[in-house]
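Chain by chain, the residues run as shown.
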Amino acid sequence: MAEGPAQHFGRLLRQLRDNSGLTQEELAEAASLSPRSISDLERGINATARPQTARLLAGALGLTGPQRAHFVATARGHSPEASPVSSPGPGAGSASATRTLPRDVSGFTGRAAELARLMAGLADMTAPGGVVGIHAIGGMAGIGKTTLAVHAAHRLAGQFPDGQIFLSLHAHTPGQQPVDPADALASLLRAAGLGAQAIPAGLDARAGCWRDYLAGKKVLLVLDDATGHEQVRPLLPGTAGSLVLTTSRRRLTALEDAAVISLDTLPPDEAAQLLSSLAARPDVGRGDTGVAEITRLSGYLPLAIGMLARQLHHHPSWTAAGLAAELAAARDRLDLMHAENLSVAAAFDLSYQDLTTGQRRLFRRLGLHPGPDIDAHAAAALDDTSLATARRHLRALYDHHLISEPTSGRYRLHDLLREHAQALAATDRGVIREAATGRLLNYYLHTALAAGKHIPSKNKSPVATVLPPAQPPDCAPPVPTPRQAAAWLEDERANLHAATGYAAGHELPVHATLIPAAMASFLGVRHYRDQALTLHRTALAAARLAGDRPAEGRALNWVASAQIDTSDFSAAEVTLQQALALHRDLDDRGGQADALNALGRVYWPTGDYPAAVSCLEQALELFRGLGHPRGQAQALNGLGGVRCNTGNYPAATACHEQALALFRAIGHRHGQSEALTHLAAVQRLTGDYQAAAAKLRLAEALHRDLDDRYKQAWTRTELGVLQRLTGDNPAAEASQRQALEQWRDIADHSGQARSLNELGLVQQLTGDYPAAETSHLHALTLYRDLRRRQEQAEVLNSLGELSSRCSDSQAARGHHNHALAIARDVGAPLEEARALEGVGRCYFEDGDDHKGATYLQRALAIYQRIGAPGAQRVQQALLGHHVTTA
């Protein structure tokens, strides 16, 4: 049946509106008509339009010349020659319409960098020896490809006096097949003025005719919504002078000499500006928090932003905050992003329909992935395919702009595309979805177990935990070395965290408890303290929910280790007491040993040395009974640290040397480096600076090789102390400043305080007393926040020495007396002696030689008892005041 005038005009109006990228509401607003009028005309309810209506529509659509005349005549029910924007049909006449760009968007926002590239491309075209300018604008559905192309074309139109032609290739027009290249060429030739009889048959002949027409001309050609390079290539000019802008949801990688412009989502500020502009309401400003939230929940996607902005425009009673709240609460955000018969979900679905069956299945399953990105190995596990197939399908999805590739080999879904994939996945049977996520969780667990065994834990971590053997699937990557294992764990850290949360939320306790345990050593060595604490708490909750008491005990030990790393000693003590009771109830001697070892490391920094020694000695005996050399070495290192703080340097040396031997015997390099650094500290305190420097050089080499940032900062701090003691103040200051930055990089407040106090001592020696006071006070604040009492005494003594240098003996005596009280309370003889020495020197300065001598003699006795270098310094001070010493 022949198409009637009403149907013919309705189809023409709808096609021109689609080509212009307008909704019915937008066209109605631009033409000062009602949306109902547009709808009735497009559906053929009104067969014709009044002359004034036809002219208003033609103006709103940007029609000029013969194309405008054709449109107005068709609107009146006449039957002129076929329109140049329609596909050719039998008996089509000729027309000349070489200015067919859709109207530009008045509220165009952003894309400055992309526009600059297009302008730069135009300059290259006009240079001597220039070629045809081809720009392929790509991006996901709704990203604004057509809007950018049309806007750029209008800005460039003056440079192309022979015509500006817009041709939609309809790769993703609902209900319409993509335009065949031969039909597209016929449309272009009619736009150039050729009659139907003059257009040759066949693709090659039409392409040659089109190139001949363009030769010597300057034409701007916009080819919108291309399916691929096969559709575009025959339409390209053959000689220089013309410019082609093509848009596609596909990456046109096979289109030779095309400059590629891949559009990303808008930056937040430009997204807010776009929403505010399109909403066109004074109460919807770009600085509004509701506007910022709407654009964030829209994924900064221009299509979604535009639809929501028009909802705000047409609903004056709505507020940005209210719409943002509705979006945030929605189970299906995409369902709210629509305008008339257009929606974001429908636009996405057109891209999905382009895929093969296997590609569609992977896209759906990507919606099941709980993490932020994925690689081919995980995709193969998720989709139950080979690694090669997973790679091929991921690349196909990337070519369709359905996923992005922020780093090589790692792919990511836009937030709204993720929601679309999740909605599509929900159409699969539940057993299929559960099998897919089960394969993914198994992949992450067993590959993490395989990688984790290459990462030796820090000396603060549980050591007696026994994890199941790794059984990674065939698609898992090899992780045979510590470096490869650490690289994989770093790449997958966020995904492993997400997998743990997913497993916990779906009551899968094996994965929820074992993935954090497999990651624990890596997180500890890399000092991801907050993440470690969150993961281990998740594991603890999952174990308790499942009633798995051994897993609960293991998780308690790991939670405590993370609490110690964050210097939350009070919480760690509570956690470890719970762990110890549970391990005793289970008769788990390894768990008990771990808990006691950790308790010793809680009591040590907080100054409860007797409790620390008791716990560490019990742990040592348990580890010996278990035949666990690494556990023994860790307990010995802890005991050595406590012996050092209590001034028993020979015992400290013996403990650290035993620990070093055990660590060397089992090849535990992290443990060796820690034992060496502890030994260096003891040798420094006993005045053997040369031996201390040698130990630190060995430790430093190990730290660098292990990429342990904590120990690198620790060694640099110790080297700075040695440099100060040996008189190299410039080197000492440089070392402490370097260490301070390293401590800050890993957010270690205790380390920062240590370096700040040492920096202050160097600044005292160089005469920069104001800077020294700032450094010491900052260190004291940090130590007080951390409840590190012995270290507080150390800084107070430093402040006392600074006050003495500034001739303020009253303030100096106050600082030293405060330090003395703390040192006696915690049992720190070195700081006790230092405080006594400081008070004695104050009395000498005030002329009270009797009290001065009394305090210095007490200090001398302690220095001599513990074998510290301060003894010689005090003896010289006493002799200087004519006081004899025994």
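Just so it is clear, the model here is predicted, and its values are computed rather than measured.

Definitions and cut-offs
- Residues numbered from 1 in each chain as written.
- Predicted model: local features only at pLDDT ≥ 70, side-chain atom pairs only at ≥ 80, totals over all residues.
- Heavy atoms only, no water.
- Helix = DSSP H or I, 4+ residues; strand = E, 2+ residues; numbered from the N terminus.
- Rg over C-alpha atoms; globule rule 2.2 N^0.38 Å.
- Buried < 20%, exposed > 50% of the residue type's maximum accessible area, 1.4 Å probe, protein only.
- Contact = heavy atoms within 4.5 Å.
- Axes fitted to C-alpha atoms, helices over the stretch in contact; angles between N-to-C directions.
- Parallel < 35°, antiparallel > 145°, perpendicular 65-115°, else oblique.
- Left-handed = near helix turned anticlockwise from the far one by under 90°.
- Nonpolar A, V, L, I, M, F, W, Y, C, P; charged D, E, K, R; others polar.
- Salt bridge = Lys/Arg side-chain N within 4 Å of Asp/Glu carboxyl O.
- Pairing = 2+ DSSP bridges.
- Core = buried A, V, L, I, M, F, W, Y, C linked by side-chain atoms within 4.5 Å.
- Phe/Tyr/Trp six-rings, centres within 6.5 Å; stacked < 30°, edge-to-face > 60°.
- Lys NZ or Arg CZ within 6 Å of the ring centre and 35° of its normal.
- Disulfide = S-S within 2.5 Å.
- Expected span 1.5 Å × (residues − 1).
- pLDDT = per-residue confidence, 0-100.
- Polar contact = N/O pair within 3.5 Å; in protein donor to acceptor, adjacent residues only side chain to side chain.

A. Molecular detail of the overall build of the protein chain. Along its length, the protein chain carries 41 helices and nine strands. The C-alpha atoms of the protein chain give 38 Å as radius of gyration, which overshoots the globular expectation for 886 residues (29 Å, by more than 25%). Principal axes of the C-alpha set define a box for the protein chain whose edges measure 125 × 60 × 55 Å. When burial is assessed residue by residue, the protein chain has 56% of its 886 residues classed as buried. Excluding contacts between residues fewer than 6 apart, the proportion of contacts in the protein chain whose partners are at least 24 apart in sequence is 66%.

B. Inspection of the packing of helix H26 (residues 569-585) against helix H27 (residues 589-603) at higher detail. Where H26 contacts H27, the axes come no closer than 9 Å and their chain directions differ by 160°. Our classification of the angle between H26 and H27 gives roughly antiparallel. Viewed along their axes, H26 and H27 form a crossing whose handedness is left-handed. Along the contact surface, H26 presents Phe-569, Ala-572, Glu-573, Leu-576, Gln-577, Ala-579, Leu-580, His-583 and Arg-584, while H27 presents Gly-591, Gln-592, Ala-595, Leu-596, Ala-598, Leu-599, Arg-601, Val-602 and Tyr-603. Split by residue class, the contact of H26 with H27 holds eleven nonpolar, four polar and three charged.

C. Representation of the pattern of salt bridges. If you walk through the whole model with that rule in mind, you get 38 salt bridges. Where Arg-17 meets Glu-42, a salt bridge forms, and the shortest distance between an N and an O atom there is 2.6 Å. Taken together, the positions of Arg-17 in helix H1 (residues 5-19) and Glu-42 in helix H3 (residues 35-42) put the pair 25 residues apart, joining distant regions of the chain. Neither residue differs from the other here; Arg-17 and Glu-42 are each classed as buried. One salt bridge connects Glu-741 with Arg-744, and the closest N-O pair in it is separated by 3.2 Å. Placement of the pair is Glu-741 and Arg-744 together in helix H34 (residues 729-745), with a separation of three residues, close to one helical turn.

D. Examining the sheet that holds strand S5 (residues 259-262) more closely. Overall, parallel pairing links the five strands, which are arranged S2-S3-S4-S1-S5 in an open sheet. Both edges of this open sheet fall to strand S2 (164-168) and S5, since each of them pairs with a single strand only. Direction aside, neighbouring strands of the sheet carry axes that sit 15° apart on average. On the sheet, helix H7 (residues 145-156) packs against strand S1 (133-138), S2, strand S3 (220-226) and strand S4 (243-248) and is oriented at approximately 165° with respect to S4.

E. Seen up close, the pairing of S4. With six of six residues buried, S4 lies mostly within the body of the structure. Residues Leu-243, Leu-245 and Thr-247 line one face of S4 and the alternating positions Val-244, Thr-246 and Ser-248 line the opposite face, and both faces are buried. One ladder, built from six bridges, connects S1 with S4; its direction is parallel. Each bridged residue has a counterpart across the sheet, and for Ile-134 the counterpart in S4 is Val-244. Two elements, S3 and S4, share five bridges in a ladder whose sense is parallel. Paired with Val-222 across the strands is Leu-245, a residue of S4.

F. A look at the nonpolar core. Grouped together as the largest cluster of nonpolar side chains are 159 residues, with contacts concentrated most on Ile-294, Phe-348, Phe-363 and Trp-488. Here Ile-294 is in contact with Leu-275, Leu-308, Leu-312, Ala-320, Leu-323, Ala-324 and Leu-327, once residues within four sequence places are set aside. Counting 38 residues, the second-largest nonpolar core is a separate cluster that includes Tyr-649, Leu-796, Leu-820 and Phe-844.

G. Structural view of the pairing of S2. When you tally the buried positions in S2, you get five out of five residues, the bulk of the element. Burial along S2 is two-sided: Gln-164, Phe-166 and Ser-168 facing one way and Ile-165 and Leu-167 facing the other are all buried. Bridge count for S2 against S3 is five bridges, and the pairing is parallel. Residue pairing across strands places Ile-165 opposite Leu-221, the latter belonging to S3.

H. Representation of unusual backbone geometry within the structure. Not every positive phi belongs to a glycine, and Glu-507 is a case in point at roughly 55°. Here Glu-507 is to be found in the loop between helix H22 (493-505) and helix H23 (509-526). On the basis of relative accessibility, which here comes to 60%, the residue Glu-507 falls in the exposed class. Phi angles above zero are rare outside glycine, and Asp-587 is one such case at about 55°. Among the structural elements, Asp-587 can be located in the loop between H26 and H27.

I. Highlighting the environment of Pro-268. Within the fold, Pro-268 resides in helix H11 (residues 268-279). We classify Pro-268 as partly exposed; its relative accessible area is 47%. Each C-alpha atom of the pair Pro-268 and Pro-482 lies 40 Å from the other, and the pair is 214 residues apart in sequence.

J. Region of interest: the packing of aromatic side chains. Under the criterion given, the structure shown has ten aromatic pairs. For the pair Tyr-443 and Tyr-444, a centre-to-centre distance of 5.2 Å together with 55° between the ring planes defines the contact as tilted. Ring centres 5.3 Å apart and planes at 75° place the aromatic pair Tyr-710 and Trp-743 in the edge-to-face group. Note that Tyr-710 is positioned in helix H33 (residues 709-725) and Trp-743 in helix H34, a separation of 33 residues in sequence. We note that Tyr-710, like Trp-743, is buried. These aromatic residues form a ring-pair network of at least three members: Tyr-443, Tyr-444 and Trp-488. Above the ring of Tyr-213, the side-chain terminus of Lys-217 is found at 4.4 Å from the ring centroid. Residue placement shows Arg-858 over the ring face of Tyr-855; its charged tip is 5.4 Å from the ring centre.

K. Looking closely at the state of the cysteines. Using the criterion set out here, one finds zero disulfides in the structure. Of the cysteine sulfurs around Cys-655, a residue in no disulfide, the closest is that of Cys-644, at 11 Å.

L. Broad picture of helix H31 (residues 669-685). Here H31 is 17 residues long and its end C-alpha atoms lie 25 Å apart, about the 24 Å a rise of 1.5 Å per residue gives. Gly-687 lies just past H31 and shows a positive phi near 85°.

M. Inspection of helix H19 (residues 415-425) at higher detail. Burial runs high along H19: eight of the eleven residues are buried. All buried positions along H19 are accounted for by Leu-416, Leu-417, Arg-418, Glu-419, His-420, Ala-421, Leu-424 and Ala-425. Taken together, the buried residues of H19 touch helix H12 (289-297), helix H13 (302-314), helix H15 (344-353), helix H16 (357-366) and helix H20 (430-452).

N. Region of interest: the side chain of Thr-246. Summarising the element assignment, Thr-246 is placed in strand S4. Residue classification places Thr-246 among the buried positions, given a relative accessible area of 0%. Setting aside residues up to four positions removed in sequence, Thr-246 forms contacts with His-135, Ala-136, Ile-137, Leu-223, Ala-226, Val-232, Leu-252 and Leu-255.

O. Summary view of the environment of Leu-782. Note that Leu-782 resides in helix H36 (residues 769-786). Taking the C-alpha atoms as reference points, Leu-782 and Asn-46, 736 residues apart in sequence, are found 79 Å from one another. Setting aside its immediate chain neighbours within four residues, Leu-782 contacts His-749, Gln-752, Ala-753 and Leu-756.

P. Focus on the confidence of the model for the protein chain. Counting all residues, the mean pLDDT for the protein chain is 90, and 94% of those residues have values of 70 or more. Ignoring residues within four places in sequence, the model shows residues 79-97, a span with pLDDT below 50, making 53 contacts including any to other chains.

Q. Spatial organisation of the side chain of His-401. Within the secondary structure, His-401 is located in the loop between helix H18 (387-399) and strand S8 (404-407). Residue classification places His-401 among the buried residues on the basis of a relative accessible area of 8%. At a separation of 3.2 Å, a polar atom in the side chain of His-401 contacts the main-chain amide nitrogen of Gly-139. Each residue touching His-401, except ones within four places of it in the same chain, is listed here: Gly-138, Gly-139, Met-140, Ser-248, Arg-249, Arg-250, Arg-251, Ser-262 and Leu-417.

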